[in-house]
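Structural overview for review
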Amino acid sequence: MSYLERLLIPGETVLHRARRSPWPTFAAPVAAVVLAAGAAVAIGVAAPGSLAFALPLPLVALGVLGWRWLWWTNKVYLVTSARVLKLEGVFTKSHRDASLDKINDMGLEQGILGRLLGWGDLGISTANEAASVTFHDLEDPVEFKRQALMSREAARSAAPAAASEADPVAQLERLGALREKGVVTEEEFQAAKAQLLGRLK
């Protein structure tokens, strides 16, 4: 069982998965690799004897890029049937989450580049400030926000229905309406009524 699977509660399902956008994540490390490689070539051409000293430059830059990739693959942003969740960390794992029923507001910020290339910051506010979560440089933040809103509304719609199912009086009222429409016979109604009233004792 993965670390993520262990975080999920029974019955909780993952509805949407996202990551940090590759553009702001890898732009600087890739540029560093290109510049270091260019510098090594220039030094090698200008002073061939110094190439051995210049060669570590692109290797170090590649090492930084590799670490950045590992860091990026371990950042996962989720919308589940119960919450929004941010999981990160290569060796030391950390996660922040906000329950769907506690979310008050979602604020999305996108600059010009973010709008063109599809990333932005999504802040999720809850009644408890300490439980608020911000997803930085989120890839396709509009879709993530849409999925979170849809999941929140589905959870809110399901709550009254679940409460009604658990309420014998509400069930009795529904059975009475079905009896009046002729869907349920008088005998079926009385049998169900006796069963429901027995749960109230």
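Rules used throughout
- Residues numbered from 1 in each chain as written.
- Predicted model: local features only at pLDDT ≥ 70, side-chain atom pairs only at ≥ 80, totals over all residues.
- Heavy atoms only, no water.
- Pairing = 2+ DSSP bridges.
- Helix = DSSP H or I, 4+ residues; strand = E, 2+ residues; numbered from the N terminus.
- Axes fitted to C-alpha atoms, helices over the stretch in contact; angles between N-to-C directions.
- Core = buried A, V, L, I, M, F, W, Y, C linked by side-chain atoms within 4.5 Å.
- Buried < 20%, exposed > 50% of the residue type's maximum accessible area, 1.4 Å probe, protein only.
- Contact = heavy atoms within 4.5 Å.
- Patch = residues over 30% accessible without salt bridge, like charges linked within 9 Å, V, L, I, M, F, W, Y side chains within 5 Å.
- Areas by Shrake-Rupley, 256 points an atom, 1.4 Å probe, with all protein chains shown as cover.
- Salt bridge = Lys/Arg side-chain N within 4 Å of Asp/Glu carboxyl O.

What the three strands build is an open sheet, ordered β5-β6-β7; its pairing is antiparallel. For this open sheet the edge positions go to β5 (103-109) and β7 (133-139), each flanked by a neighbour on one side alone. On average, each strand axis in the sheet is inclined to that of its neighbour by 20°, with strand direction left out of account. Relative to strand β6 (residues 119-126), β5 is paired through six bridges, and the arrangement is antiparallel. The partner of Ile 103 across the bridge, within β6, is Thr 126.

Attention now goes to the nonpolar core. Formed by 15 residues in total, the largest nonpolar core has its most connected members in Val 84, Ile 103, Leu 122, Ile 124, Phe 135, Leu 138 and Phe 144. It is β7 that contributes the most residues to this core, three residues altogether. Sequence-distant contacts of Leu 138, defined by excluding residues within four places in its chain, comprise Ala 18, Arg 19, Ser 21, Tyr 77, Gly 118, Trp 119, Gly 120, Leu 122 and Phe 144.

Spatial ordering of the open sheet is given by β1-β2-β3-β4, a layout of four strands whose pairing is antiparallel. Whereas interior strands pair on both sides, the edge strands pair on one side only; in this sheet they are β1 (14-18) and β4 (94-99). Neighbour-to-neighbour, the strand axes of this sheet turn through a mean angle of 15°, independent of strand direction. As judged from the four bridges shared by strand β2 (residues 76-80) and strand β3 (residues 83-88), these two strands associate in the antiparallel manner. Bridge pairing in β3 places Leu 78 opposite Leu 85.

The buried fraction of β6 amounts to six of the eight residues, a majority that puts the element mostly inside the structure. Of the pairings in the sheet, the one linking β6 to β7 comprises five bridges and is antiparallel in character. Following the sheet pairing, Ile 124 is matched in β7 by Val 133.

A few words on a nonpolar patch on the surface. On the surface, Trp 23, Ile 112, Leu 113, Leu 116 and Leu 117 cluster together into a nonpolar patch covering about 590 Å² of accessible area. In terms of residues, the nonpolar patch owes the most to one element, helix α5 (residues 112-117), which gives four residues. Turning to its location among the elements, Leu 113 is positioned in helix α5. Among the residues examined, Leu 113 registers a relative accessible area of 53% and is labelled exposed.

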